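# Observations on chain architecture
Here's the letter readout for the chains.
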Protein chains: 2
Amino acid sequence: MQKISALQKARYGYIPKLPPVIQEDLSKIQAQLGEPTEAVADREELKKLFEKTYGKPIATFSRGSNPDASKKRKVGVILSGGPAPGGHNVICGLYDALKKANRESVLIGFKNGPAGILENEYIELNDKIINDYRNTGGFDIIGSGRTKIETPKQFEQAFKTAQEQQLDAVVIIGGDDSNTNAALLAEFFAKKGTNIQVIGIPKTIDGDLKNQYIEASFGFDTATKVYSELIGNIERDAISSHKYWHFIRLMGRSASHIALECALQTQPNICIISEEVRAKNMTLAQIVDQITDSVVKRAEKGYNYGVILVPEGLIEFIPEVGNLIEELNTLLAKEAAEFEKLEDTKAQIDWVSSKLTGRNKDVFVSLPAGIQAQLLMDRDPHGNVQVSRIETEKLLIEMVATKLKKLKAEGKYNGKFSAINHFFGYEARCAFPSNFDADYCYALGFTAFVLIANNLTGYLASVRNLSRPASDWEAGGIPLTMMMNMEKRHGEMKPVIRKALVELDGAPFKTFASQRDEWAVETCYQFPGAIQYYGPDDVCNQPTKTLKLEQETE
Amino acid sequence: MQKISALQKARYGYIPKLPPVIQEDLSKIQAQLGEPTEAVADREELKKLFEKTYGKPIATFSRGSNPDASKKRKVGVILSGGPAPGGHNVICGLYDALKKANRESVLIGFKNGPAGILENEYIELNDKIINDYRNTGGFDIIGSGRTKIETPKQFEQAFKTAQEQQLDAVVIIGGDDSNTNAALLAEFFAKKGTNIQVIGIPKTIDGDLKNQYIEASFGFDTATKVYSELIGNIERDAISSHKYWHFIRLMGRSASHIALECALQTQPNICIISEEVRAKNMTLAQIVDQITDSVVKRAEKGYNYGVILVPEGLIEFIPEVGNLIEELNTLLAKEAAEFEKLEDTKAQIDWVSSKLTGRNKDVFVSLPAGIQAQLLMDRDPHGNVQVSRIETEKLLIEMVATKLKKLKAEGKYNGKFSAINHFFGYEARCAFPSNFDADYCYALGFTAFVLIANNLTGYLASVRNLSRPASDWEAGGIPLTMMMNMEKRHGEMKPVIRKALVELDGAPFKTFASQRDEWAVETCYQFPGAIQYYGPDDVCNQPTKTLKLEQETE
């Protein structure tokens, strides 16, 4: 038996809180179905694609009668994509509900992501296994993976496994893409004339799977608390040592939700929001100017230090860089043979500079050599630039330093600028879930079973009213097709769940925007410290600032 | 008034624990002095240098009578060097003791490190200020700095300030260098015929200021807990995602205490210990082979992922690299003019390759180009290579990847190797102190005052029996000269406190060494999670594994 940490042992004893309505006997929880729903856009196309499952009503739960609940069932569960804190608790909640309804029911976990159902690789979950993972971080109970279920062949494979296993339902824990696939799988099973149900669970630390009905994806709370702990520590280092400007890039893919939440928690000098950059059509030079302006003003006050947050997706949200990347992708695809012949990076850069056109050429030439090289070297299997690999924080440091040198020569800046770069990502995806995520995830897993017990399919489990205590939470199900629209992917129009970006007229951004001018010049840092699982209520049971601002509880 | 985080507010209410003997009325705490002591080496030279303060006895405290305790006093305190969690509590403990003895006594804080006493820049500390910093991280209450007090002129300046301020004592919170300077300052004041006392406090997250009498430097506990939180999270990510080998470089300067403690807490696949590398005269190639061996064996078991810890100081502990750096430093100093003329990095590398001799040349040529460039570019004001800037983890990744390619071509390896590099340092130096560090630091500050109240000078405050509960802790003072020897610094023999490196026959290393073969191949990760300030005792009140193993309480 592997030794475990003191915290892990203690967390086994934590009892997650459930919304009141699902604490009932399962045979007394009845789904209430409202009016048919519509997709957010492209309704006609989606109606055709989801012939069997389009337009289902929103489901809420109330006390009533559900004689079907205690039926013996077999359910399969899948973890899809990057890990997020709380995934294990989703499985624990699902397991506990299933076993509460009927001890004979069986939960199997497909191994290593969607590949598990394609290849019928699984383990049967039991009390022993489940108890070893309660309230822990990670997706290691059954493993995760990034294989998709999206081709006709893959749908057939999944169907074959489901039939062989005699599954009643499949629960898919994943982000927007995985839940899009969950919707397609639900439709596929329905078209096959089976009753195999599919329920999705909204997972992603990035926070970009949310809408009017899904208030938050799980893991966002914990991940932003871990990042904010580290940012706060670095801020406190900055005011103690007076030596460095820290440029911190934060995971979060396209959306800036993580950066925004961390900014609200830690009040850094600058936080760039990609969505604003795009909306205002800002150039790289403007972003550099914004940072430089803060550096200069703080230097005048004797503060030659600071903290800057940079969202991972920034680079492709700067319109001029986005255009450059687009031309680069086309160029390197079209003239791959010639490009491959070039003998070294310098030759590649020269060649590309000579081939690019107009403004794209100017932008490319203005970039530091290291970033030019990254743009040419780190390409994915399709030949596209891998934007997530680009060290935007280093790019900004270099460009700010250059600009400051110029200002110094002109007598407009007289400070010291020494910068340190950081990237925070993998540090938080598998943290022990905060009490919030432990509760929310357990409730989501439990809710998934209640949806199954009410014979629903094509739903995303939903727990709402999240900025309030769990005793006020409401559980139910949101039809997956309701969140979808059609978008171009790899040149083809596809049904997808619309990704939630930071809304510039939403309360979290507006709150940030109303304070940032002061933060840029003064030192207004806040130090949240490490996630606490015990202690005073406001220390260990706070939802994110994003949620509180969105729901006007802060 | 700045808004503060919920945790900071809660931590204000934490009451640090004190060793029983210093909980008495201060007028009843009497210092007991034992036999005269000797330095660890070079006794004759040290006797001459420390004419007035050499060989003082160890001080312990017991119940007795000290009528001097309630004398009105004025004390100055200095934070020196890099921040470490708990520094604020040292000042709070010192302040509380001083005020407990006599409400009229005054504590001033010299600003921004030793520079503050040189320039007589200070603030007077009062209840309001102190209460805003209780149990918080950072050194921002008065700021820190790296100016030294080491030249005759600087000693005179410090003396001038001390006289102008009419100080009774100066407390210096710092690492080995700063406490060496504290010893010299105590001697200087004594030679001047004054009674101005100097007391040192053992600070450094690196853990390298310890010996038979000083069991731990403060901050090591908290810092290793923060790093272990992050390492554990990354380990859990590795077993969830099955995608990456994570190479994690950890702060800690020359010594590998931090890496070793983190390894004991998290059980990674590999942890390199610099002291072992030097003792066994290991080559870079041997280290690469050790890592590669683990990668290959794990790949055979289907584990194409892992976690490797690399201490910051490794690069200079590899004898062949140390020799190379030495020749480089000499070469670049001697032929600086010619070197500066070279037009680009490639030309510099070629020129250096042609100038280096023998084995040093082979080693340099074998390094990846990026590392060659770092060796030539990042030099300190003396022209020396800045080893702390060298990204050893990237060097190892590149060399391991090269080796694996070779093995793959030979059919000896059939796995996937994708690596991610991390460096953890600034993330932890200003964390909220763990309960251990909060207690230990408060007790150190309090002890410093008891030493002052007993008219002692040239002592390091000492709190012992640290692996036991605070109710078993013992407080006292260790004469600074006792820990010193003579070492060569910048070509001159200087008195210095001997730096504590990892002892290869000590219990922490031996415990690690007895388990690491299994860790290298199997997955034995442990996940400590975030520092907890509340909750079950073994979750929030554990000392480091290093301390427990050294004191045989684990």
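Residues numbered from 1 in each chain as written. Chains lettered and ligands numbered in written order. Predicted model: local features only at pLDDT ≥ 70, side-chain atom pairs only at ≥ 80, totals over all residues. Heavy atoms only, no water.

### Considering the overall build of chain A
Here is the rule: Only DSSP runs of H or I with at least four residues qualify as helices, and only runs of E with at least two residues qualify as strands; both kinds are numbered from the N terminus onward. Radius of gyration here is computed from C-alpha atoms only, and the compact-globule reference equals 2.2 Å multiplied by the residue count raised to the power 0.38. The buried label applies to any residue whose accessible area, calculated with a 1.4 Å probe on protein chains only, is under 20% of its type's maximum; exposed applies above 50%, and partly exposed to all values in between. We call two residues in contact when some of their heavy atoms are within 4.5 Å. Throughout, the Shrake-Rupley method with a 1.4 Å probe supplies accessible areas, and for residues the shown protein chains are the sole cover considered. The charge count includes Lys and Arg as positive and Asp and Glu as negative, but it does not include His or the ends of the chains. A single reference atom marks each charge: NZ on Lys, CZ on Arg, CG on Asp, CD on Glu.
Counting its regular elements, chain A contains 22 helices and 15 strands. Taken over C-alpha atoms, the radius of gyration comes to 25 Å for chain A, in line with the 24 Å a tight globule of 554 residues would show. With the C-alpha coordinates aligned to their principal axes, the bounding extent of chain A is approximately 80 × 60 × 50 Å. Looking at the 554 residues of chain A, the share that counts as buried comes to 62%. When contacts within chain A are restricted to residue pairs at least 6 apart in sequence, those whose partners lie at least 24 apart make up 77%. Surface exposure of chain A reaches about 20,900 Å², of which carbon and sulfur atoms provide 47%. Mean positive and mean negative side-chain charge positions of chain A (66 and 72 charges, respectively) differ by 2 Å.

### Here we look at the sheet that holds strand E1 (residues 29-33) of chain B
All names here are of chain B. Just so we agree on the cut-off: Strands qualify as paired when DSSP identifies two bridges or more between them. Angles here are taken between N-to-C directions and fall from 0 to 180 degrees, while the axes themselves are lines fitted to C-alpha atoms, restricted in helices to the stretch in contact.
The 9 strands lie next to each other as E1-E2-E13-E12-E7-E6-E3-E4-E5, forming an open sheet whose pairing is mixed. Because the sheet does not close on itself, it has two edges, and the strands there are E1 and strand E5 (122-124). Along the sheet, successive strands turn relative to each other by an average axial angle of 30 degrees, direction set aside.

### A few points about the packing of aromatic side chains
Given two aromatic rings, one states the distance between the centres and the angle between the planes to describe the pair. Residue and element names in this part refer to chain A. Quick reminder of the rule: Pairing of aromatic side chains here covers Phe, Tyr and the six-membered ring of Trp, requires ring centres within 6.5 Å, and sorts the geometry by plane angle: under 30 degrees stacked, over 60 edge-to-face, intermediate tilted. Charges are assigned to positions over rings by a cutoff of 6 Å between ring centre and Lys NZ or Arg CZ, combined with an angular limit of 35 degrees from the ring normal.
Under the definition given, this model contains 28 aromatic pairs over all chains. Between Tyr 440 and Trp 473, the ring centres sit 6.4 Å apart and the planes meet at 80 degrees, which makes this aromatic pair edge-to-face. A residue pair is termed long-range when its members are at least 10 positions apart, and Tyr 440 in helix H19 (residues 435-453) and Trp 473 in the loop between strand E12 (459-464) and strand E13 (474-479) qualify at 33 residues. Exposure remark for Trp 473: the relative accessible area of 5% places this residue in the buried category. An aromatic cluster is defined as three or more aromatic residues linked by ring pairs; in this entry it consists of Phe 155, Phe 159, Phe 188 and Phe 189. Its guanidinium or amino end placed over the ring of Tyr 14, Arg 11 lies 4.4 Å from that ring's centre, counting from NZ or CZ. Taking NZ or CZ as reference, Arg 278 lies 4.0 Å from the ring centre of Phe 317, over its face.

### Remarks on the packing of helix H8 (residues 220-241) of chain A against helix H9 (residues 257-266) of chain A
Residues and elements named next belong to chain A. Rule in force here: Roughly parallel means an angle under 35 degrees; roughly antiparallel means over 145; roughly perpendicular covers 65 to 115; every other angle is labelled oblique. Throughout, a crossing is termed right-handed when the near helix is turned clockwise from the far one, and left-handed when it is turned anticlockwise from it by less than a right angle.
Look at H8 against H9: their axes get within 9 Å of each other, and the N-to-C directions meet at 50 degrees. One way to sum up the angle between H8 and H9 is to call them oblique. Considering how the two elements wind past one another, H8 and H9 form a crossing that is right-handed. In this structure, H8 uses Phe 220, Thr 224, Lys 225, Tyr 227, Ser 228, Ile 231, Gly 232 and Glu 235 to contact H9, whose residues at the interface are His 257, Ile 258, Glu 261, Cys 262, Gln 265 and Thr 266.

### With respect to the confidence of the model for chain A
Put simply, the rule reads: pLDDT measures how confident the predictor is about each residue, on a scale from 0 to 100.
Taken residue by residue, chain A gives an average pLDDT of 95. The fraction at 70 or more is 99%. For this predicted complex, the interface confidence comes out at an ipTM of 0.97, alongside a pTM of 0.97.

### Side note on the sheet that holds strand E9 (residues 270-271) of chain A
Residue and element names in this part refer to chain A. Strand order across the open sheet formed by 4 strands is E9-E10-E8-E11, with parallel pairing between neighbours. Because the sheet does not close on itself, it has two edges, and the strands there are E9 and strand E11 (419-424). Note that strand E8 (residues 245-250) and E11 share 6 bridges and pair parallel. The partner of Trp 245 across the bridge, within E11, is Ala 419.

### Things to note about the state of the cysteines
Cysteine pairs can be covalently joined through their sulfur atoms, and such a bond is termed a disulfide. Residues and elements named next belong to chain B. Definition in use: Pairs of cysteine sulfur atoms within 2.5 Å are what we label disulfides.
Tallied over the full model, the rule gives 0 disulfides over all chains. Of the cysteine sulfurs around Cys 262, a residue in no disulfide, the closest is that of Cys 271, at 8.1 Å. Judged by its relative accessible area of 0%, Cys 262 is buried. Cys 430 forms no disulfide, and the closest cysteine sulfur to it belongs to Cys 441, at a distance of 12 Å.

### Points about the relation of the copies chain B and chain A
Here is the rule: Residues reaching a pLDDT of at least 70 in both copies supply the C-alpha atoms on which the copies are superposed by least squares.
Between chain B and chain A, the superposition needs a rotation of 180 degrees and an axial shift of 0.0 Å, giving an RMSD of 0.1 Å. Such a turn and shift between the copies fits a two-fold axis. Take the interface residues of chain B: 100% of them recur as interface residues in chain A, which is what a same-surface contact looks like.

### A look at the interface of chain B and chain A
Short version of the rule: The quantity reported as buried area is the accessible area (1.4 Å probe) lost by two parts once they are put together, taken as the sum for both. Salt bridges are defined as contacts in which a side-chain nitrogen from Lys or Arg sits within 4 Å of a carboxyl oxygen from Asp or Glu. Whenever two N or O atoms come within 3.5 Å, that pair is a polar contact, provided that in protein one can donate a hydrogen and the other can accept it, and provided that, for residues adjacent in sequence, both atoms are side-chain atoms. Under this grouping Gly is polar, as are all residues other than the nonpolar Ala, Val, Leu, Ile, Met, Phe, Trp, Tyr, Cys and Pro and the charged Asp, Glu, Lys and Arg.
The interface is formed by 60 residues belonging to chain B together with 60 residues belonging to chain A. Buried surface at the junction of chain B and chain A, summed over both partners, amounts to about 4,600 Å²; 51% is from carbon and sulfur atoms. Among the residues of chain B in contact with chain A, Arg236(B), Tyr426(B) and Glu427(B) are the three that bury the most area, contributing 15% of the side total. At the junction of chain B and chain A, the tally comes to 4 salt bridges. Between Asp237(B) and Arg429(A) there is a salt bridge, with the nearest N and O atoms lying 2.7 Å from each other. Connecting chain B to chain A are 25 residue pairs in polar contact (both at pLDDT 80 or more). Within the residue set of the side of chain B that touches chain A, elements represented by two or more residues are helix H1 (6-12), helix H8 (220-241), strand E11 (419-424) and helix H21 (537-540) of chain B. Here the residues of the side of chain B that touches chain A are counted per class, giving 28 nonpolar, 21 polar and 11 charged.

### Some points on the domain arrangement of chain A
Test applied: Domain start and end points were adopted from an automatic or database domain assignment.
Each domain of chain A was delimited in the assignment, giving domain 1 (44-59 + 85-219 + 433-489), domain 2 (236-313 + 390-429 + 501-554) and domain 3 (316-386). Taken over C-alpha atoms, the centre of domain 1 of chain A sits 40 Å from the centre of domain 3 of chain A.

### Re the pattern of salt bridges
Pairing between side chains of opposite charge can happen when the charged atoms of each approach one another. Considering all chains together, one arrives at 70 salt bridges over all chains under this definition. We note a salt bridge from Arg63(A) to Glu24(A), for which the minimum N-O separation is 2.7 Å. Linking Arg63(A) in strand E2 (residues 59-63) with Glu24(A) in the loop between helix H1 (6-12) and strand E1 (29-33), this pair joins segments that are 39 residues apart in sequence. Where Arg134(B) meets Asp96(B), a salt bridge forms, and the shortest distance between an N and an O atom there is 2.8 Å. Of this pair, Arg134(B) sits in the loop between helix H5 (127-133) and helix H6 (152-165) while Asp96(B) sits in helix H3 (residues 87-101); the two residues are 38 residues apart in sequence, bridging distant segments of the chain.

### Focus on the packing of helix H15 (residues 345-355) of chain A against helix H17 (residues 369-377) of chain A
Residues and elements named next belong to chain A. As a packed pair, H15 and H17 sit with axes 10 Å apart at the nearest point and diverge in direction by 85 degrees. As judged from the angle between their axes, H15 and H17 are roughly perpendicular. Facing Thr 345, Gln 348, Ile 349 and Val 352 of H15, the residues of H17 in contact are Ala 369, Gln 372, Ala 373, Leu 376 and Met 377. A breakdown of the residues in the contact of H15 with H17 according to their chemical character gives 6 nonpolar, 3 polar and no charged.

### Some remarks on the side chain of Thr194(B)
Residues and elements named next belong to chain B. Of note, Thr 194 is situated in the loop between helix H7 (176-191) and strand E7 (197-202). Only 3.1 Å separates the side chain of Thr 194 from the backbone oxygen of Phe 189, close enough to count as a polar contact. Setting aside chain neighbours within four positions, we find Thr 194 in contact with Phe 159 and Phe 189.

### Some points on the pairing of strand E10 (residues 306-311) of chain A
Walk down a regular strand and you will see the side chains alternate between the two sheet faces. Residue and element names in this part refer to chain A. Of all 6 residues in E10, 6 are buried, a share of seventy percent or more. With burial as the criterion, each face of E10 is covered, one bearing Gly 306, Ile 308 and Val 310 and the other bearing Val 307, Leu 309 and Pro 311. Summarising the sheet, E8 and E10 pair through 6 bridges and their orientation is parallel. By the bridge assignment for E10, Leu 250 is matched with Pro 311. Where E9 meets E10, 2 bridges bridge the pair, whose relative direction is parallel. Its bridge partner lying in E10, Cys 271 is registered against Leu 309.

### Here's the deal with the UniProt feature "binding site: Mg(2+)" (unreviewed entry) in chain A
Residue and element names in this part refer to chain A. Going by this rule: UniProt positions are given in the numbering used here, feature names are shortened, and annotations may be inferred rather than shown by experiment.
Those places that UniProt annotates as "binding site: Mg(2+)" (unreviewed entry) correspond, in this numbering, to Asp 176. Mapped onto the elements, Asp 176 comes out in helix H7 (residues 176-191). Dropping the residues within four chain positions of it, Asp 176 is found in contact with Leu 209, Arg 253, Ile 497 and Lys 499.

### Digging into helix H11 (residues 284-300) of chain B
How we decide: Each helix should span, by expectation, one fewer than its residue count multiplied by 1.5 Å.
For H11(B), with 17 residues, the first-to-last C-alpha span of 24 Å sits near the 24 Å given by 1.5 Å per residue. Among the residues making up H11(B), those that are buried are Leu284(B), Ile287(B), Val288(B), Ile291(B), Thr292(B), Ser294(B), Val295(B), Val296(B), Arg298(B) and Ala299(B).

### As for the side chain of Thr194(A)
Residue classification places Thr194(A) among the buried positions, given a relative accessible area of 19%. There is a polar contact of 3.3 Å between the side chain of Thr194(A) and the backbone nitrogen of Ile196(A).

### Comments concerning H6(B)
Residue and element names in this part refer to chain B. The line we're drawing: This arc corresponds to the set of directions leading from the helix axis out to the C-beta atoms.
Taking 1.5 Å of rise per residue, the 14 residues of H6 would be expected to cover 20 Å, and the 20 Å separating its terminal C-alpha atoms lies within 8% of that figure. Here H6 has its buried residues at Gln 154, Phe 155, Ala 158, Phe 159, Thr 161, Ala 162 and Gln 165. Seen along its axis, H6 keeps its buried residues to an arc of 160 degrees; they face one direction. Those residues of H6 that are exposed and aimed more than 90 degrees away from the buried face are Pro 152, Lys 153 and Lys 160. Among the residues trailing H6, Gln 166 stands out with phi positive, at a value near 55 degrees.

### Overview of unusual backbone geometry
Phi angles above zero are rare outside glycine, and Asp42(A) is one such case at about 55 degrees. As for its position among the elements, Asp42(A) is in the loop between E1 and helix H2 (43-49). For Asn465(B), which is not a glycine, the phi torsion comes out positive at approximately 75 degrees. For Asn465(B), the position within the fold is in the loop between strand E12 (459-464) and strand E13 (474-479).

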